[in-house]
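The primary structure of each chain is shown beneath.
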Amino acid sequence: MHGDIPPSPHDGEALHDTILRKLTYDLGKSRAGALDRDWFIATALAVRDQIVAPWLKDMRSTYEHGQKQVYYLSLEFLIGRLLRENISNLLLTTEVKAALASLDVDAAKVFASEPDAALGNGGLGRLAACFMESLASLQIPAFGYGIRYDHGLFRQVIRQGWQEEYPENWLEFGNPWEFARPEIAHPIGFGGSVEQVNGEDGEPHHVWKPAETVLAVAYDTPVVGWRGKHVNTLRLWSARAADPLQIEAFNRGDHIGALSDRVRAEAISRLLYPSDDTPAGQELRLRQEFFFSSAALQDLIRRHVRVYGSLETLPDRVAIQLNDTHPAIVVAELMRLLLDDHGMEWNDAWRVTQATISYTNHTLLPEALETWPVSLMERLLPRHMQIIYLINAIHLDTVAASHPGDLGLLASVSLIEEGHGRRVRMGNLAFVGSHKVNGVSALHSDLLKKTVFHDFDTLFPGRITNKTNGITFRRWLQQCNPCLTELLVESIGPDFLDRPAALSALRPLATDTTFQQRFAAVKRTNKEALAALIRREINLRVDPGALFDVQIKRIHEYKRQLLNLLETVALYNEMHAQPQRDYVPRVKIFAGKAAASYHRAKLIIKLAHDIARRVNRDPAIRDRLKVAFLPNYNVSLAEMIVPACDLSEQISTAGMEASGTGNMKLALNGALTIGTMDGANVEIHEHVGDENIFIFGLTTDQVAQRRAEGWRGQDSIDQSPRLQQALEALSSGVFSPDDPGRYRDLVQMLRDNDHFMVTADFDSYYDMQRKVAQRWARPAEWGRSAILNTAGMGWFSSDRTIAEYAQEIWQVPVPG
Ligand code: 26W
């Protein structure tokens, strides 16, 4: 069936036997001595065997048919666990569970013992993982390229309410999914000098002589699509020193110095940068970016030349997508490889580069737009800096010719930022080197055109396009919410499993009382599981009958966890002031990590804990309000919280959240959203209908207007007695009796400045939360809205997003 690929040695053998064989011969363990973790590895290896033959077949067929391949370059892939995903996509879930049961092994424990691959910070990294799954599911030949960090995102421990960071060690017991490819090792240069030599053609040629060379070694993980129809590759690079040891130094007795080159080289793939805060200015970060960008290009060029011969045809066979500017150096590196290594003329090389590359922008926040000091670039990547200058000179000449005398325009579209210390603007480099540039929601793409890339949009009309983000429904519905999936299959048939838009067939059932009850029963089951987890993790009892109000995402001021917490305080005050009123019981659930250096975000975590401590123990509140902060948010925790959520908090300052994808996961699983007109909330609002979402707050334009008017937080606070009272409680130490001044500066910041407009949106948020409570008090109405959320989310499948990229950016066919 797979040509000359022999069948897996375990084909035809019961899965039970294969797992046992792996345990015995690959792990060297007996059944009696096996830990859950050992069973996980044995099971994963058995499952992996089933993946290999179709994987090799798909790769071969891509070349045989001359198919164009997509290369998704991302510094982050936030994958989570793979066992449940792989067996689900291979339609082996029942079989694997039965095999483990027959071995007297608890499948749930085996699944839970897989460590999360947390090679990402948040939305951008998780999007890359969803995209890889959708590419395989749509049978589009693709490679993901990234870094195999020894340590992913830090483990968050909460001590006395404060976040502490500890290294995460996902590879500690080995990674059964990957194949090490020590023979695939590309040399990556750093530093040194550029020599000009005269070639045989009499033209000057440039030769970069790096001072230092590090090897990029490939590790491949197969990515299985839905129904196992297609398998792609995630190729992650690990850094190795060219020389593992300086023998001479070692023999001299300098045992540490003998390893210094190796330690320096291998530092490149040691650790994921928690860069949601500010772009890490460290040189190491730039080394990481160049390391994986160059490895990816060398790899795909070698493959292309081997199969197709000439690099002139690169854009016909290769589409390179840059996930934000982290791999933007690819523009200069591809030019260098084409010019210096393959002898192409400048104009041809530029045409090939632009036609091959496209770039996705994920944030408008100015502090997150990458720039690198020219001096650093000149030292680390001297040839690239020359090429960037040349690209810039040609680019600025063209602009000057069409807009004579417009110096402001030249300054704004230059690849170099002049002024205090010259810097290379990676966003501008990515823009000019790409044929398409996209934002990640309709609003965000619109704002790209109006703000950061306004001048570029005028110069290159049509280059900026929108590709609204999506999520893979396999992980975020089928795998994380099997009860709901089963109910949906029973009610509307299995069509939606292959065609997410078919979820709309659910709409007529939204008013069906029996269906509402079944939908609610599924939610209840998921909430009971989450309640048990909350009890286990933070020793807090919560009532699964209460409204589960959820805010799960990175902790950042623009995401406004503080707004949610202030509303919690105001509600708490209200419960004391008006104890006889009817309040719907509510559990406020928070989870998320703060960047280690982001002090205010860490203070917000502390505030959540301080509020929780007081509210949860207050006998006057009884069970009507509970606050739970779940530590160490990651993909696996999200998979527990998402199916159990009633109310999804998407409350960023309008204009600041590029898209959001958690908003999609929660709504898909039947949560109602309370949110601002920001990111993809705008499109979720369109798809689920105005009466099934709670939109509040200032719009992007209103935010901009207030800022222009010199608005201050105090102006809003003066209008709101309720907010005054809440702020007074914080600044006087009601929630921090051990350190009454803990929140004084935070409150003062809200009065003086409040850049994120927490105070401006407070009243409308508070009022909207009361409408949420009213709806909750009418279960049939809530149930109807919840069902209509699930029914309306089909469009937000990452299959739809990827199909749009394929057709409009990559020019690759979407089979089927
Ligand atoms: C300074 C704040 C900040 C926040 C995030 C700086 C940098 C980042 C990341 C590097 C970029 C990122 O993760 N962006 C997120 O990308 C998601 C996928 O497109 C979007 O859904 C999120 O809205 C966006 O914040």
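Residues numbered from 1 in each chain as written. Predicted model: local features only at pLDDT ≥ 70, side-chain atom pairs only at ≥ 80, totals over all residues. Heavy atoms only, no water.

The protein is annotated in an unreviewed UniProt entry as Alpha-1,4 glucan phosphorylase of Roseococcus pinisoli. We quote the UniProt Sequence similarities (unreviewed entry) comment for the protein here in full: "Belongs to the glycogen phosphorylase family." In its Cofactor (unreviewed entry) section, the UniProt entry covering the protein states "pyridoxal 5'-phosphate". (UniProt positions renumbered as here; feature names shortened; annotations may be inferred.)

Before going further, it helps to spend a moment on the side chain of R751. Position of R751 among the secondary structure elements: in helix α30 (residues 744–752). Residues within four places of R751 in sequence aside, it is in contact with R712, G713, Q714, I717 and L727. (Helix = DSSP H or I, 4+ residues; strand = E, 2+ residues; numbered from the N terminus. Contact = heavy atoms within 4.5 Å.)

Across the six residues of strand β20 (residues 586–591), six count as buried, placing the element largely inside the fold. As paired elements, strand β19 (residues 547–552) and β20 share six bridges and run parallel to each other. The partner of Q551 across the bridge, within β20, is F590. Regarding topology, helix α22 (residues 561–577) serves as the crossover connection from β19 to the parallel β20, and that connection is right-handed. Of the strand pairs in this sheet, β20 and strand β21 (residues 625–630) are connected by six bridges, and their pairing is parallel. Bridging across to β21, I589 finds its partner in A628. The β-α-β motif built from β20, the intervening helix α23 (residues 599–617) and the parallel element β21 has right-handed crossover chirality. (Buried < 20%, exposed > 50% of the residue type's maximum accessible area, 1.4 Å probe, protein only. Pairing = 2+ DSSP bridges. Right-handed = clockwise from strand over helix to strand, strands pointing away.)

Another aspect to go through is the pattern of salt bridges. By the definition in use, this model includes 56 salt bridges. Linking E557 and R600 is a salt bridge whose minimum nitrogen-to-oxygen distance equals 3.1 Å. Taken together, the positions of E557 in the loop between β19 and α22 and R600 in helix α23 put the pair 43 residues apart, joining distant regions of the chain. Exposure remark for R600: the relative accessible area of 33% places this residue in the partly exposed category. (Salt bridge = Lys/Arg side-chain N within 4 Å of Asp/Glu carboxyl O.)

Among the nonpolar cores identified, the biggest contains 262 residues, and F291, I388, I391 and W810 are the most heavily contacted of them. Top contributing element to this core by residue count: helix α2 (residues 36–64), with 10 residues. Residues within four places of I388 in sequence aside, it is in contact with I329, A332, M377, L415, I416, V424 and L429. Core analysis: the next-biggest nonpolar cluster, separate from the first, contains six residues, A654, L698, V703 and M757 among them. (Core = buried A, V, L, I, M, F, W, Y, C linked by side-chain atoms within 4.5 Å.)

When the terminal C-alpha atoms of helix α14 (residues 382–402) are compared, their 31 Å separation across 21 residues agrees well with the 30 Å that a helix rising 1.5 Å per residue should span. Those residues of α14 that sit buried are P382, R383, H384, M385, I387, I388, I391, N392, H395, L396 and V399. (Expected span 1.5 Å × (residues − 1).)

Let us look at the sheet that holds β21. Here six strands make up an open sheet; going across it, the order is β21-β20-β19-β22-β23-β24 and the pairing parallel. Here the strands that pair on one side only, and so sit at the sheet edges, are β21 and β24 (694–695). Alignment of strand β23 (residues 672–675) against β24, held across two bridges, turns out to be parallel. In the strand pairing of β24, I674 is matched with F694. Sheet strands in contact with helix α31 (residues 758–776) are β19, β20, β22 (647–650), β23 and β24, and its direction is about 125° off that of β20. (Axes fitted to C-alpha atoms, helices over the stretch in contact; angles between N-to-C directions.)

Okay, the site of the ligand next. Neighbouring the ligand are 18 residues, the closest being H362, N469, E657, S659 and G660. Within the contact set of the ligand, an oxygen atom lies 2.6 Å away from a side-chain nitrogen or oxygen of E657. A658 is positioned with one of its backbone polar atoms (N or O) 3.3 Å from an oxygen atom of the ligand. When the free accessible area of the ligand is taken as 550 Å², the share hidden by the protein chains comes to 95%. Looking at the shell around the ligand, its residues break down into seven nonpolar, seven polar and four charged. (Near = heavy atom within 4 Å. Polar contact = N/O pair within 3.5 Å; in protein donor to acceptor, adjacent residues only side chain to side chain. Areas by Shrake-Rupley, 256 points an atom, 1.4 Å probe, with all protein chains shown as cover. Nonpolar A, V, L, I, M, F, W, Y, C, P; charged D, E, K, R; others polar.)

For the pair α31 and helix α32 (residues 779–792), interaxial distance at closest approach is 6 Å and the crossing angle is 105°. By the angle between their axes, α31 is roughly perpendicular relative to α32. Every residue of α32 that contacts α31 at V772, R775 and W776 is listed here: P779, E781, W782 and S785. Residues that form the contact of α31 with α32 fall into these classes: four nonpolar, one polar and two charged. (Parallel < 35°, antiparallel > 145°, perpendicular 65-115°, else oblique.)

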